[in-house]
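So you can see what is in the structure, the chains are spelled out below.
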Amino acid sequence: MTAGSPSTPATLALERAGVPFTPHVYEHHETATNFGEEAAAALGLREEQVFKTLVVSVDGTLAVAIVPVANRLDLKAIAAAVGGKKATLADPALAERRTGYVVGGISPVGQRSHIPTVLDESATTYATIFVSGGRRGFDIEIAPADLLAVTEGTTAAIART
């Protein structure tokens, strides 16, 4: 970890697992409501390479969907990817309780409990992608294969324009 970067459950989990990552801190503005777009703009990145972490309820069971901030989550596709029929976005308070993170800073790594995780297959076209590091104003750059390994995740086409 780089000096001056935050220590979060995500960074601690990555360090414990020996997974390389690069921390990126940026100024989060309290008025921002689209956290992924804010991260991409602040870090000077294309929105296709910055991914948002969404917690969904699939037939009453939680799952994590990771999609580019340039896209929307395809609820039917995430349901199918985890073997369910119907998906909805999880209640924000429930997502925060189950992951241990606040909305806008939910990292796919280091969550309070293991939740099945699906990464949009577009991530595999990049050497590295950017995901939340566990708080607003902090992203981590990580290889998609490493992210899948540490989250025990799978890939599927779950994003739509």
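Everything here concerns the structure above.
Residues numbered from 1 in each chain as written. Predicted model: local features only at pLDDT ≥ 70, side-chain atom pairs only at ≥ 80, totals over all residues. Heavy atoms only, no water.

Caption draft 1: Layout of the pairing of strand β8 (residues 138-142). Taking burial as the measure, the five residues of β8 include five buried ones, the bulk of the element. Of the two faces of β8, the one carrying F138, I140 and I142 and the one carrying D139 and E141 are both buried. With four bridges connecting them, strand β1 (residues 22-25) and β8 associate as antiparallel partners. What sits directly across from H24, in β8, is D139. Taken together, the five bridges between strand β7 (residues 129-135) and β8 define a ladder with antiparallel strand orientation. If you follow F130 over to β8, its bridge partner there is E141. Here β7 folds back onto β8 in antiparallel fashion, the turn holding two residues, of which G137 has a positive phi close to 90 degrees. (Buried < 20%, exposed > 50% of the residue type's maximum accessible area, 1.4 Å probe, protein only. Helix = DSSP H or I, 4+ residues; strand = E, 2+ residues; numbered from the N terminus. Pairing = 2+ DSSP bridges.)

Caption draft 2: Quick look at the sheet that holds β1. Pairing within the open sheet is antiparallel, and its three strands lie in the order β1-β8-β7. Of all the strands in the sheet, just β1 and β7 have a single pairing partner and so form its edges. Neighbouring strand axes in the sheet, compared pairwise and without regard to direction, differ in orientation by 35 degrees on average. (Axes fitted to C-alpha atoms, helices over the stretch in contact; angles between N-to-C directions.)

Caption draft 3: How the structure looks around the pattern of salt bridges. This model, assessed by the stated rule, comprises one salt bridge. One salt bridge connects R46 with E48, and the closest N-O pair in it is separated by 3.6 Å. Residue classification places R46 among the exposed residues on the basis of a relative accessible area of 52%. Owing to a relative accessible area of 32%, E48 belongs among the partly exposed residues under this scheme. (Salt bridge = Lys/Arg side-chain N within 4 Å of Asp/Glu carboxyl O.)

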